[in-house]
Amino acid sequence: LSLSQVHASPRDLLIDAMDDSPALRWVGDEQLHLTLRFIGEVERPVANDIAAALDRIRSPAFELRVNGVGKFEKRNGGALWAAVTPKEPVAALATKVESALQQAGLEPEHRAFSPHITLARWNRRNSEAVDAFLTRNADLRSAPFEVDRFILFESKLSRHGAHYEEVARFELI
């Protein structure tokens, strides 16, 4: 479940920041998104309950901006991401989404919410490319952009990575 895909100007900024380093596995530009909550695999009746619960969310539209870059590290690699600010409105929406999903029968999410847009993944032997990206893009900033909807996506894995298909769109008022 994600916010609508990043609008043109911030999207262009993010795409321009992605270099041609073969050491990093870049997210496709059409796949750029900010995840509000990962749901996982569910059966069709539960998916229908989820969509109905999300449709009942009422939340105002708000503005975000891309504001810097960072990384999540794991033992065998990690992810590069772009930060967004302010975090409060997107965190408030994520809280409403979490509540709706629990009402639809999903287990609570135990990981802390950290709003970001994933840009690339790497494995542990590519730390030089990661450090170079972070240095080059330390001041990455966009103009504010409006967030006026969020989208329920279905992800399908292939040998080329995840591909996201829109299932339902929910407008923010």
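Just above sits the structure.
Residues numbered from 1 in each chain as written. Predicted model: local features only at pLDDT ≥ 70, side-chain atom pairs only at ≥ 80, totals over all residues. Heavy atoms only, no water.

(A) Molecular detail of the sheet that holds strand β6 (residues 145-147). Overall, antiparallel pairing links the five strands, which are arranged β2-β5-β4-β3-β6 in an open sheet. Whereas interior strands pair on both sides, the edge strands pair on one side only; in this sheet they are β2 (25-26) and β6. Relative to strand β4 (residues 77-85), strand β3 (residues 62-74) runs antiparallel, the two sharing eight bridges. Across the sheet, Arg65 pairs through a bridge with Thr85, a residue of β4. Most of the contacts of helix α4 (residues 127-136) go to β3, to which it runs at about 155°, and overall it touches β2, β3, β4 and β5 (116-123). (Pairing = 2+ DSSP bridges. Helix = DSSP H or I, 4+ residues; strand = E, 2+ residues; numbered from the N terminus. Contact = heavy atoms within 4.5 Å. Axes fitted to C-alpha atoms, helices over the stretch in contact; angles between N-to-C directions.)

(B) Main features of the packing of aromatic side chains. In the structure shown here, the tally under the stated rule is four aromatic pairs. Residues Phe72 and Trp81 carry aromatic rings whose centres are separated by 5.3 Å and whose planes lie at 35° to one another, so their mutual orientation is tilted. Both rings, one in Phe153 and one in Tyr164, keep their centres 6.2 Å apart while their planes meet at 70°; by these two values the pair is edge-to-face. Of this pair, Phe153 sits in strand β7 (residues 149-158) while Tyr164 sits in strand β8 (residues 161-171), and the two are 11 residues apart along the sequence. Since its relative accessible area comes to 15%, Phe153 is described here as buried. (Phe/Tyr/Trp six-rings, centres within 6.5 Å; stacked < 30°, edge-to-face > 60°. Buried < 20%, exposed > 50% of the residue type's maximum accessible area, 1.4 Å probe, protein only.)

(C) Quick peek at the pairing of β7. As paired strands, β7 and β8 are joined by 10 bridges and run antiparallel to one another. Among the inter-strand pairings, Ser155 is bridged to a residue of β8, identified as Tyr164. Hairpin connection between β7 and β8: a loop of two residues separates the two successive antiparallel strands.

(D) Structural view of the environment of Ala168. Examined against the element boundaries, Ala168 turns out to sit in strand β8. Judged by its relative accessible area of 18%, Ala168 falls in the buried class. In this structure Ala168 touches Phe150, Ile151 and Leu152, once residues within four positions along its chain are discounted.

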